[in-house]
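Here's the letter readout for the chains.
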Amino acid sequence: MVIKPKIRGFICTNAHPIGCAENVRQQIDYVKSTPHMNIGPKRVLVIGCSTGYGLASRIMAAFGSDAKTIGVCFEKEPSERKTGTAGWYNTAAFHQFAKEANLYYHTINGDAFSDEIKAETIERIKADLGQVDLVVYSLASPKRKDPVTGEVYSSTLKPIGKQYTTKTYDTDKDLVHEITLDPANDDEIEQTIKVMGGEDWERWIEQLHAADVLADGCQTTAYTYIGKKLTWPIYGHATIGKAKEDLDRAAASLRRGYKDVHLKAWVSSLKALVTQASSAIPVMPLYISLIYKVMKEEGTHEGCIEQIYRLFTQDLYVEVPEMDDHNRLRVDGLETNDRTQAKVEALWEQVTQENFHQLADYEGYHSDFLRLFGFGIDGVDYDAEVNPVVDW
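Nothing here was measured: the structure is a model prediction, and the numbers come from that model.

**Considering the overall build of the protein**
Step number 1: From N to C terminus, the protein includes 13 helices and 13 strands.
Step number 2: Taken over the C-alpha trace, the protein has a radius of gyration of 20 Å; the compact-globule value for 392 residues is 21 Å, and the two agree within 12%.
Step number 3: Buried positions account for 55% of the 392 residues belonging to the protein.
Step number 4: Across the protein, contacts joining residues at least 24 apart in sequence account for 78% of those joining residues at least 6 apart.
Step number 5: As presented, the protein carries roughly 17300 Å² of accessible surface, and 49% of it is formed by carbon and sulfur atoms.
Step number 6: Here the protein contributes 43 positive and 58 negative side-chain charges, whose respective centroids are spaced 1 Å apart.

Dropping the structure here:
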């Protein structure tokens, strides 16, 4: 079939297998162009391995440090009449490139929140790796089923305490407008923490440790976004922010709880990028379009793979990593520094429907959005017929 993007709201409902493979190859090529890690991970588990920062982490570990990788994701298989998810095609491509490089890989497709998938992952680690020395937690999901009670929790994207009115950009209507968001109630806050907080990360580490598959000196990191003044009302000081605070709590608990294996646990703060998750958050499409404009002009813009390269080489695998006051690793400084933020705040005050495309880099935003699903990538013939069925 000829596959063209089908965009509905803030998601694309299909994906291009060749485009996704090319996107993965370009990230691998970036890692290959950098100095090989002398000290790095060798046996890695990536929970949420198929897109965004999780995929970049798997690529960095494998092609930057020759690591054996086991990935966990939840992706939809293609059929002859319908494409699979982008994460399906990304994973298939990663498998192919890893095979060509004689690197070990294995991916488990299923609900990472479930104990069944945790048990299956542990058995695979025991059989093939023995133990792991790095566990990356990079899950993004709107819902989570509690493995003990069976209750399904749903996250919300709301401010806390009071109603919040701000500018936003509607990508469907190409419209800059004001949006008013009602505050979350206590139940919505708690449910968001249950989905996006640190509870499942802790459960993974608890079960990996009980099975004796954490190597001595193992590191684990969960990814977060902190942002600054413009995004705090909907991110840092909102329901998502409460969940991210719970990640900090979990990291501290993990550091205290597993001293027998000298576990190092970090929350790593990364920059704002176009991801399937960030596209759904009010304010973020406008903010990201503006921050792209400023950072590209400054020459400081980075994508997922560049961010993860710096995380691995400047923070995770150095003797004394730089931490903030909350013991987080910070790779987001090129975005959150005062000078850059002042430029973005000035643009934010000026931006209107009439000047949006002059002041913002929406072209870059939209290009990155399409790339998530394998579209708009140089060198791919999107008029050619392709077979949507790609097997792992």
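**Let's talk about the packing of aromatic side chains**
Step number 1: Considering all chains together, one arrives at 13 aromatic pairs under this definition.
Step number 2: On the numbers, 6.1 Å between centres and 45° between planes, the contact of Phe312 with Tyr317 is tilted. You'll find Phe312 and Tyr317 in the same group, each marked buried.
Step number 3: Aromatic rings pair up to connect Tyr169, Phe356, Tyr362 and Tyr365 into one cluster.

**Some words on the sheet that holds strand β13 (residues 329–330)**
Step number 1: The parallel open sheet is built from seven strands, whose spatial order is β5-β4-β3-β6-β11-β12-β13. Of all strands in the sheet, those bounded by a partner on one side alone are β5 (105–109) and β13.
Step number 2: Contacts between helix α2 (residues 52–65) and the sheet are confined to β3 (43–47), β4 (68–73), β5, β6 (132–137) and β11 (214–224), with β4 contributing the most and set at about 165° to the helix.

**A word on helix α13 (residues 362–371)**
Step number 1: Among all positions of α13, only Tyr362, Gly364, Tyr365, Phe369 and Leu370 are buried.
Step number 2: Among the structural elements, β1 (7–8), β2 (11–12), β9 (164–170), α8 (284–298) and α12 (356–359) are those in contact with the buried residues of α13.

**Looking at the pattern of salt bridges**
Step number 1: Using the criterion set out here, one finds 23 salt bridges in the structure.
Step number 2: One salt bridge in this structure joins Glu123 and Lys126, with 4.0 Å as the shortest N-O distance. Of the two residues, Glu123 and Lys126 are both situated in helix α4 (residues 115–129); the distance of three residues between them amounts to about one turn of the helix.
Step number 3: Measuring nitrogen to oxygen at the nearest pair gives 3.9 Å for the salt bridge that ties Glu345 to Lys229. Note that Glu345 is positioned in helix α11 (residues 338–350) and Lys229 in the loop between β11 and α7 (239–257), a separation of 116 residues in sequence.
Step number 4: What makes Glu345 partly exposed here is its relative accessible area of 25%.
Step number 5: Salt bridges sharing partners connect three or more residues here, namely Asp248, Asp324, Arg328, Arg330 and Asp332.

**Examining α11**
Step number 1: Here α11 spans 18 Å end to end across 13 residues, near enough to the 18 Å set by a 1.5 Å rise per residue.
Step number 2: Along its buried surface, α11 packs onto β9, α8, α10 (333–336) and α12.
Step number 3: Its side-chain oxygen 3.2 Å from the backbone nitrogen of Arg339, Asn337 forms the N-cap of α11.

**As for a negative patch on the surface**
Step number 1: Judged by side-chain charge, Glu151, Asp186, Asp187 and Glu190 come together as a negatively charged surface patch.
Step number 2: Along the chain, Glu151 falls in the loop between β7 (143–145) and β8 (152–154).
Step number 3: Given a relative accessible area of 40%, Glu151 falls into the partly exposed group.

**Some thoughts on the packing of α4 against helix α6 (residues 199–210)**
Step number 1: One can describe the packing of α4 onto α6 by two numbers: an axis separation of 10 Å at closest approach and a directional angle of 40°. In terms of their interaxial angle, α4 and α6 are classed as oblique. In the crossing of α4 with α6, the sense of the turn from one axis to the other is right-handed. Side by side, α4 and α6 meet where Asp115, Ile117, Lys118, Thr121, Ile122 and Ile125 of the first sit next to Asp200, Arg203, Trp204, Gln207 and Leu208 of the second.
Step number 2: Of the residues assigned to the contact of α4 with α6, the class counts are five nonpolar, two polar and four charged.

Reading guide: rules and limits
Residues numbered from 1 in each chain as written. Predicted model: local features only at pLDDT ≥ 70, side-chain atom pairs only at ≥ 80, totals over all residues. Heavy atoms only, no water. Helix = DSSP H or I, 4+ residues; strand = E, 2+ residues; numbered from the N terminus. Rg over C-alpha atoms; globule rule 2.2 N^0.38 Å. Buried < 20%, exposed > 50% of the residue type's maximum accessible area, 1.4 Å probe, protein only. Contact = heavy atoms within 4.5 Å. Areas by Shrake-Rupley, 256 points an atom, 1.4 Å probe, with all protein chains shown as cover. Lys, Arg positive; Asp, Glu negative; His and termini not counted. Charge placed at Lys NZ, Arg CZ, Asp CG, Glu CD. Phe/Tyr/Trp six-rings, centres within 6.5 Å; stacked < 30°, edge-to-face > 60°. Pairing = 2+ DSSP bridges. Axes fitted to C-alpha atoms, helices over the stretch in contact; angles between N-to-C directions. Salt bridge = Lys/Arg side-chain N within 4 Å of Asp/Glu carboxyl O. Expected span 1.5 Å × (residues − 1). Polar contact = N/O pair within 3.5 Å; in protein donor to acceptor, adjacent residues only side chain to side chain. Patch = residues over 30% accessible without salt bridge, like charges linked within 9 Å, V, L, I, M, F, W, Y side chains within 5 Å. Parallel < 35°, antiparallel > 145°, perpendicular 65-115°, else oblique. Left-handed = near helix turned anticlockwise from the far one by under 90°. Nonpolar A, V, L, I, M, F, W, Y, C, P; charged D, E, K, R; others polar.

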